[in-house]
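# Overview (structure and organization)
Take a look at the letters that make up each chain.
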Amino acid sequence: MNRAIRATAVAVAVAGLALGLSSCSEAVDQVDKAVDETYEVTYEVTGKNIDSIEFHGGGGKAMEPKVESVSKPELPWKKTVTLRGIMPAAVMPVAADPEGAQVTCKIIHKGKVIEEQSADGLVTAGGCTAESPVGK
């Protein structure tokens, strides 16, 4: 009887391991697919006295995106970029003005605002960062 229980336990453990490996393999396949998928966002920045805008423009690695920059942008500023996989969408307008500044940024995906922030004051860095919609 003891042998039968042990054999059954081993069979269940082997089946569970095989199922677990199968699930793990499927998860890896999904991540690989998501990393290759692209998505498009539009950054919008409004306000006054903005000195520069930094943003993820699509280059670099998913977790180490290349940051692009625009100095003395004409406002309102708008830029559409294509990002890849799990790379987050991010835009950071920066203003330093003794009279104060105002900054609003938006990240838009498929016509929907997925992130919006506003700030004002002497030194302002009103940034927006949004999670990648890939895999959602």
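Here the structure is shown first, and the text comes after it.
This report concerns the structure included in the present document. Quick caveat, the model's predicted, so the values are computed rather than measured.

Relative to the assigned elements, Ser69 resides in strand S3 (residues 64-71). Given the relative accessible area of 48%, Ser69 is considered partly exposed. Along the primary structure Ser69 and Pro93 are separated by 24 residues, whereas in three dimensions their C-alpha atoms are 9.5 Å apart. What Ser69 contacts, discounting residues up to four positions off in sequence, is Ile53, Glu54 and Phe55.

Tracing the sequence through the fold places Ser132 in the segment after strand S7 (128-130). One polar contact links the side chain of Ser132 to the main-chain carbonyl oxygen of Gly85, over a distance of 2.5 Å. At 3.1 Å, the side chain of Ser132 and the backbone nitrogen of Val134 are in polar contact. Residues in contact with Ser132, not counting those within four places in the same chain, are Tyr39, Gly85, Ile86, Met87 and Pro88.

All right, on to unusual backbone geometry then. Only a minority of non-glycine residues have a phi that is not negative, and only a minority of peptide bonds are not trans. In this chain, Leu75 is followed by Pro76 through a cis amide linkage whose omega measures -5 degrees. Summarising the element assignment, Pro76 is placed in the loop between S3 and strand S4 (77-84). At Asn49, a residue that is not glycine, the phi angle is positive and equals roughly 60 degrees. Within the secondary structure layout, Asn49 lies in the loop between strand S1 (38-48) and strand S2 (52-61). Residue Asn49 is classed as partly exposed on the basis of its relative accessible area, which comes to 35%. Even without a glycine there, the phi angle at Lys72 is positive, about 45 degrees. Locating Lys72 in the fold gives a position in the loop between S3 and S4.

Rules and cut-offs
- Residues numbered from 1 in each chain as written.
- Predicted model: local features only at pLDDT ≥ 70, side-chain atom pairs only at ≥ 80, totals over all residues.
- Heavy atoms only, no water.
- Helix = DSSP H or I, 4+ residues; strand = E, 2+ residues; numbered from the N terminus.
- Buried < 20%, exposed > 50% of the residue type's maximum accessible area, 1.4 Å probe, protein only.
- Contact = heavy atoms within 4.5 Å.
- Polar contact = N/O pair within 3.5 Å; in protein donor to acceptor, adjacent residues only side chain to side chain.

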